[in-house]
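Geometric and topological summary
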Amino acid sequence: MGTLVFIVAYFLIDLDARAYFIGIGEVSLYHLVLGLSMAASMGGIGFGAVHWAKTLMPDTEIVEERHPQASPEEDRDGAAAILRSGWQGSQLGRRPLILQSAGVAMGLFSIPLVVQVVGSLGPLPGEELYDTNWRQGLRLMIDPSGTPIKASDVTIGSVFHVMPEGYIGEVADENLTAEEEMKAKAEDQVILVRLDPSDVKSQKQLDWGIDGIVAYSKVCTHVGCPVALYEQQTHHLLCPCHQSTFDMTEDCKVIFGPAKRALPQLPITIDDEGYLVADDSFREPVGPSFWERG
Ligand code: FES
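First, a word on what this report is: a plain description of the structure on this page. Here the structure is a predicted model, which is why all the values come from computation and not from measurement.

Time to look at the pattern of salt bridges. One pass over the structure, following the stated rule, counts ten salt bridges. Taking the shortest distance from any N to any O, the salt bridge between aspartate 131 and arginine 135 comes out at 2.9 Å.

See below:
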């Protein structure tokens, strides 16, 4: 019915005709009738589909047993007999030299393939996967301004994104190669938060921080997205990519999501001028798992 009205309206209603619609006011009669008739048609289709599913579709559970997967015994014996007779007909069993030379040829043939595949893997990463640019004594610089940060500037609940001194800001722009800059951006990002020490459950976490200020790698241990969302009330750090959640009050251990390991903590301290500095490099690799870490 709705469809019929739609078709009739499409051809017969004048485009300039107006109508009054409750709650909206004056509207085009043409569009009003088209809209209402289309809504009626689609509603009818939806109603029909629900009705069909509820009343006409069988509502009983039907189980179809699988037939046996294996071929019958006689078929398998027949196939084995064909193979045996083919092998005997080839006479290869009586000519070991042919077999040996075929084996050698196949072995030689595979060498270029293996060389090609191994050669295309690129250089081994060496120790690079274990190391970042963080070193003892490097100041924590705010990303992206590149200014150093004092412990007294970090109030409870505040969050800073930091990079190592020399790898952010003007100095970095002048001195770093594009490759070094990329490596730094990929591996050195750190999130700095000041927690109330009474909220922290891990002594190691307090020892590696300074008055509740703690620094953690921002590189997610799942597949490396930046973990940058800090929930101040719960002290949770969230990764936006696949929702891994890390508990900042307990060594940034994983409490939800696909990540399998805690975020590595960067040991920090303060220098003579009160600026926050790294007390060491990371003591474990940052970022996702790789083959030697499991
Ligand atoms: S990269 Fe962080 S949860 Fe997947």
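The next thing to look at is the nonpolar core. In this structure, Leu140, Leu192, Ile213, Leu266, Ile268 and Leu276 are the most contacted members of the largest nonpolar core, which totals 18 residues. For this core, the secondary-structure elements that each account for two or more residues are strand E4 (159-164), strand E5 (190-194), strand E6 (213-217) and strand E13 (276-278). Residues in contact with isoleucine 213, not counting those within four places in the same chain, are Ala151, Val154, Leu192, Val193, Arg194, Ile268 and Leu276.

Turning next to the state of the cysteines. All told, the structure shown has one disulfide when counted by the stated rule. What pairs with cysteine 225 in a disulfide is cysteine 241, and their sulfur atoms sit 2.0 Å apart. Negative torsions about the S-S bond denote left-handed disulfides, and the value of about -90° found for cysteine 225 with cysteine 241 makes this one left-handed. Residue cysteine 225 is found in the loop between E6 and strand E7 (229-231), and its partner cysteine 241 is found in the loop between strand E8 (236-238) and strand E9 (245-247); the two are separated by 16 residues along the sequence. On the basis of relative accessibility, which here comes to 35%, the residue cysteine 241 falls in the partly exposed class. Residue cysteine 252 stays outside any disulfide, its sulfur separated by 11 Å from that of cysteine 220, the closest cysteine.

Once that is clear, we can look at the pairing of E6. Among the five residues of E6, five are classified as buried, and the element is accordingly described as predominantly covered. By the alternation rule, side chains of E6 split into Ile213, Ala215 and Ser217 and Val214 and Tyr216, which are all buried. Note: E5 against E6, five bridges, orientation antiparallel. Looking at the pairing, arginine 194 lines up with isoleucine 213 of E6. Where E6 lies against strand E11 (residues 265-266), two bridges are found, and the strand directions are antiparallel.

Below, the discussion takes up the packing of aromatic side chains. Tallied over the entire structure, the rule returns one aromatic pair. For the pair tyrosine 10 and phenylalanine 11, a centre-to-centre distance of 5.2 Å together with 85° between the ring planes defines the contact as edge-to-face. Looking at lysine 150, its charged tip hangs above the ring of tyrosine 275, at a distance of 5.1 Å from the centre. Cation over ring: arginine 283 sits above tryptophan 208, and NZ or CZ is 4.4 Å from the ring centre.

Right, let's get into the layout of surface pockets. What the largest pocket holds in volume is close to 240 Å³. As for the largest pocket, its lining consists of Glu128, Leu129, Asp131, Glu179, Glu180, Met182, Lys183, Ala186, Glu187, Val286, Pro288 and Phe290. Split by residue class, the lining of the largest pocket holds six nonpolar, no polar and six charged.

Moving on: the sheet that holds E5. With antiparallel pairing, the five strands of this open sheet are ordered in space as E3-E4-E5-E6-E11. A strand with exactly one partner marks an edge of an open sheet, and here the two such strands are strand E3 (140-142) and E11.

What follows deals with the sheet that holds E7. As summarised here, the arrangement of the four strands in space is E7-E8-E9-E10, forming an open sheet in which the pairing is antiparallel. Each edge of the sheet is formed by a strand with only one pairing partner; in this case those strands are E7 and strand E10 (253-256). This sheet shows a mean twist of 35° between the axes of neighbouring strands, independent of strand direction.

Right, let's get into the pairing of E10. Inspection of the sheet shows E9 paired to E10 by three bridges, in the antiparallel sense. Following the sheet pairing, threonine 245 is matched in E10 by phenylalanine 256.

This brings us to unusual backbone geometry. Backbone torsion omega between aspartate 143 and proline 144 reads 15°, so that peptide bond is classified as cis. Here proline 144 is to be found in the loop between E3 and E4. Although it is not a glycine, aspartate 211 adopts a positive phi angle of roughly 50°. Inspection of the secondary structure assignment puts aspartate 211 in the loop between helix H7 (203-207) and E6. The backbone of histidine 235 shows a phi angle near 60°, a positive value even though the residue is not glycine. With respect to the secondary-structure elements, histidine 235 resides in the loop between E7 and E8. Using a relative accessible area of 15% as the deciding quantity, one classes histidine 235 as buried.

Turning to the packing of helix H1 (residues 2-12) against helix H2 (residues 29-56), a few remarks are in order. The geometry of H1 relative to H2 is characterised by a closest axis approach of 7 Å and an angle of 160° between their N-to-C directions. With respect to their mutual orientation, H1 and H2 come out roughly antiparallel. In the crossing of H1 with H2, the sense of the turn from one axis to the other is left-handed. Here Gly2, Thr3, Val5, Phe6, Ala9 and Tyr10 of H1 come into contact with H2, specifically with Tyr30, Val33, Leu34, Ser37, Met38, Ala40 and Ser41. Looking at the contact of H1 with H2 residue by residue, the classes come out as nine nonpolar, four polar and no charged.

Cut-offs applied
- Residues numbered from 1 in each chain as written.
- Predicted model: local features only at pLDDT ≥ 70, side-chain atom pairs only at ≥ 80, totals over all residues.
- Heavy atoms only, no water.
- Salt bridge = Lys/Arg side-chain N within 4 Å of Asp/Glu carboxyl O.
- Core = buried A, V, L, I, M, F, W, Y, C linked by side-chain atoms within 4.5 Å.
- Buried < 20%, exposed > 50% of the residue type's maximum accessible area, 1.4 Å probe, protein only.
- Helix = DSSP H or I, 4+ residues; strand = E, 2+ residues; numbered from the N terminus.
- Contact = heavy atoms within 4.5 Å.
- Disulfide = S-S within 2.5 Å.
- Pairing = 2+ DSSP bridges.
- Phe/Tyr/Trp six-rings, centres within 6.5 Å; stacked < 30°, edge-to-face > 60°.
- Lys NZ or Arg CZ within 6 Å of the ring centre and 35° of its normal.
- 1 Å grid on protein atoms, 1.4 Å probe; cavity = no way out; pocket = protein on both sides within 12 Å on 5 of 7 lines; lining within 4 Å.
- Points joined across faces, edges and corners; volume = space filled by probe spheres on them.
- Nonpolar A, V, L, I, M, F, W, Y, C, P; charged D, E, K, R; others polar.
- Axes fitted to C-alpha atoms, helices over the stretch in contact; angles between N-to-C directions.
- Parallel < 35°, antiparallel > 145°, perpendicular 65-115°, else oblique.
- Left-handed = near helix turned anticlockwise from the far one by under 90°.

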